[in-house]
Every structure is written in structure tokens, then in C-alpha cells.
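This is what each chain is made of:
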Amino acid sequence: MPRISGTHVGTGPDGAEIYRPIIVVSIEIGGLLIRVPAIVDSGADNTLVPEPFVAPLGVDFARLPVGPGGVGPGGGLDARPCQGTMRWEKEKSLLMTRFLVAEPGKGPESVLLGRADFFRLYIPRFHWHKNPPVFDLDPVARNG
Amino acid sequence: MVVESRKRDEDLVHEIEPAVQEELIKHPGKWVALTRTQVIAIRETPADAYAAARLAGIESPILYHVPDPRLGYSYF
């Protein structure tokens, strides 16, 4: 599998450059498709999708079934299950057909790829000691 | 192991091209529609950015909310 460069997202308050382990995924719902950034996040229990990413695909958060909720660095939030196809386009791989959507106005600014689903398909290895940082995503199927 | 790691460094790929990343960070807090190689539209809302990309003929743009690192390290 290729090594992937960290995505440069800016300069922090202390002047340090910030990179994140981002891949581009597609989300398809009802025949509509959008591409969005997704952070490989070992701290996330489940994959979480910001509401603004699925709203253009016709998803009305208020009509989604009540979900488990969740807690992140920004506090508690309502997270509801949504049916949709998420793929990692570069590798042409199907990641999941169901994910949680964060309530409008709360949650992350990118998709968070969590341990319960994404991490069952790929084994991440972060090389944040390198400059710029890079990461590997090896398929579980090839590594046992 | 070291050889494999060096080979991987040689095969490095970018999910978003570096030049596009550097363009994006000039617009913290904005919503941007882009392709892997080109910024298409910079707007205040995701709906506006998405609509602008569609108007430009991009069927399925990447919709990106530029982080504002001045607010801290959290992605929330």
C-alpha cells in the first residue's frame, strides 16, 4: 500500500505546523455523491460524519432515527445512524454502508474514521516523527 | 523493514495535492469546494460552496471546511 502524506491544515497558536492524517472519501446516498475529507482517528469509537456533508445529499437530521449520542472534545452531541455508502476512492474500497451523523452545528469539521468500522478494515501506522508527517493504511485482509 | 519504509517514502501519495493544501489554509473557517488538484469555490456555507461547484460543472466536488488552527488543536 502507498504511504500517504499528512494534510497540512495550518499553523497552531504556538507556531507549530499542524498536519492531519486525512484521506478523501465519497459518500453516496440516494444516487447523489459527495467527496469529503476524513481523518483517521484512533480516538473515535465510531465513524462520525458532520451534518453539512450529508445535507446536500438530501439527509434531514431531524428525520434520522434516534442514535446513541456521543461525547467529544467539544462536549456532548446527538449522533444518529444514517444509511449510505462510504468509499475510499483512491483505493476503490467500500468502507461502510452505515455511519453516524453528528447533530447540526456540533461535531467535527471532517469525517472521523473510527475504530468500530474503519479500523476493522485498515491498520494505520502514523509516522509523525517525520517532517512532513506521513502515514500508512494497510488492509487487514492482507495482514491477518 | 527499513528498506520497505524507504520504498514507501518513495511511493508517497497525496490525497489532496500540496499546492491545494497551501491554498486552503489561506481561508480558515471557510467552506471550499475543490478537486484533488484545484480549488473551485470558497464560500461561507457548505451549501453555497457545493452549489458553486455544481454550477462550475463539477459533479461531485470535495467539500472541505478549512480548520482554524488559531482556535486550538481540537477538530471540534
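Residues numbered from 1 in each chain as written. Chains lettered and ligands numbered in written order. Predicted model: local features only at pLDDT ≥ 70, side-chain atom pairs only at ≥ 80, totals over all residues. Heavy atoms only, no water.

> I'm lost on the overall build of chain A in this one. Help?
Helix and strand counts for chain A come out as two helices and 13 strands. The globule rule puts the C-alpha radius of gyration for 144 residues at 15 Å, and the 15 Å found for chain A is close to it. Each of the 144 residues in chain A was classed as buried or not, and the buried ones make up 51%. For chain A, the proportion of contacts with a sequence separation of at least 24, taken over those separated by at least 6, is 55%. Counting every atom, chain A has about 6300 Å² of accessible surface; 50% of that belongs to carbon and sulfur. Once the 15 positive and 15 negative side-chain charges of chain A are each reduced to a mean point, those two points are 6 Å apart. (Helix = DSSP H or I, 4+ residues; strand = E, 2+ residues; numbered from the N terminus. Rg over C-alpha atoms; globule rule 2.2 N^0.38 Å. Buried < 20%, exposed > 50% of the residue type's maximum accessible area, 1.4 Å probe, protein only. Contact = heavy atoms within 4.5 Å. Areas by Shrake-Rupley, 256 points an atom, 1.4 Å probe, with all protein chains shown as cover. Lys, Arg positive; Asp, Glu negative; His and termini not counted. Charge placed at Lys NZ, Arg CZ, Asp CG, Glu CD.)

> Honestly, unusual backbone geometry in this entry has me stumped. Any pointers?
Trans is the prevailing form of peptide bonds, just as negative phi is the prevailing case for residues other than glycine. Residues and elements named next belong to chain A. Here the bond from Asn131 into Pro132 is cis, since omega is -5°, no more than 30 degrees from zero. Within the fold, Pro132 resides in the loop between β12 (122-127) and β13 (134-139). A positive phi angle, close to 55°, is found at Lys92, a residue other than glycine. We classify Lys92 as exposed; its relative accessible area is 73%.

> I tried to follow the pattern of salt bridges on my own but got confused; where do I start?
Pairing between side chains becomes possible if they bear opposite charge and their charged atoms approach one another. Within this structure, the stated rule accounts for 11 salt bridges over all chains. Between A:Arg80 and A:Asp78 there is a salt bridge; the shortest N-O distance is 3.0 Å. Where B:Glu23 meets B:Lys26, a salt bridge forms, and the shortest distance between an N and an O atom there is 3.2 Å. With relative accessibility at 57%, the residue B:Lys26 sits in the exposed group. (Salt bridge = Lys/Arg side-chain N within 4 Å of Asp/Glu carboxyl O.)

> Help me out: how do you make sense of the side chain of A:Glu51 in this one?
Residue and element names in this part refer to chain A. Along the polypeptide, Glu51 turns up in helix α1 (residues 51-54). The charged side chain of Glu51 is buried without a salt bridge, its nearest counter-charge being Arg80 at 11 Å. Discounting chain neighbours no more than four positions away, the residues touching Glu51 are Phe61, Val101, Ala102, Glu103 and Pro104.

> Which parts of the structure should I look at to understand the nonpolar core?
Side chains that are nonpolar tend, in soluble globular proteins, to be buried together. By size, the foremost hydrophobic cluster in this structure holds 38 residues, and its most contacted members are A:Ile23, A:Ile27, A:Met86 and A:Phe99. A:Met86 has contacts with A:Val25, A:Ser26, A:Ile27, A:Thr47, A:Val49, A:Ser93, A:Leu94, A:Leu95, A:Met96, A:Phe99, A:Val111 and A:Leu113, leaving out every residue within four places of it along the chain. Counting 20 residues, the second largest nonpolar core, distinct from the first, contains A:Ile22, A:Leu48, A:Leu100 and B:Tyr64. (Core = buried A, V, L, I, M, F, W, Y, C linked by side-chain atoms within 4.5 Å.)

> I tried to follow the interface of chain A and chain B on my own but got confused; where do I start?
Note: interface size is frequently given as the accessible area lost on complex formation between the parts. Between chain A and chain B, the contact holds 47 residues from the first and 31 residues from the second. Between chain A and chain B lies a buried interface of about 3700 Å² when both sides are counted; carbon and sulfur atoms form 58% of it. When the buried area of chain A at its contact with chain B is split by residue, A:Arg3, A:Lys90 and A:Glu109 rank highest and sum to 18% of it. Where chain A packs against chain B, one counts 11 residue pairs in polar contact (both at pLDDT 80 or more). Mapped onto the side of chain A that touches chain B, the elements with two or more residues apiece are β1 (3-5), β2 (7-11), β3 (17-20), β4 (22-29), β5 (32-40), α1 and β13 of chain A. With six residues, the single largest contributor to the side of chain A that touches chain B is β5(A). Among the residues forming the side of chain A that touches chain B, the class breakdown is 25 nonpolar, 10 polar and 12 charged. (Buried area = accessible area lost by both parts, 1.4 Å probe. Polar contact = N/O pair within 3.5 Å; in protein donor to acceptor, adjacent residues only side chain to side chain. Nonpolar A, V, L, I, M, F, W, Y, C, P; charged D, E, K, R; others polar.)

> Would you mind going over the packing of aromatic side chains with me for this structure?
Residue and element names in this part refer to chain A. The tally for this structure, following the rule as stated, stands at seven aromatic pairs over all chains. On the basis of an interplanar angle of 70° and a centroid distance of 6.1 Å, the ring pair of Phe118 and Phe119 is categorised as edge-to-face. According to the relative accessible area criterion, Phe118 is buried, its value standing at 0%. On the basis of an interplanar angle of 25° and a centroid distance of 5.3 Å, the ring pair of Phe118 and Tyr122 is categorised as stacked. Of the two residues examined, Phe118 and Tyr122, each falls in the buried class. Three or more aromatic residues link up through ring pairs in this structure, and these residues are Trp88, Phe118, Phe119 and Tyr122. (Phe/Tyr/Trp six-rings, centres within 6.5 Å; stacked < 30°, edge-to-face > 60°.)

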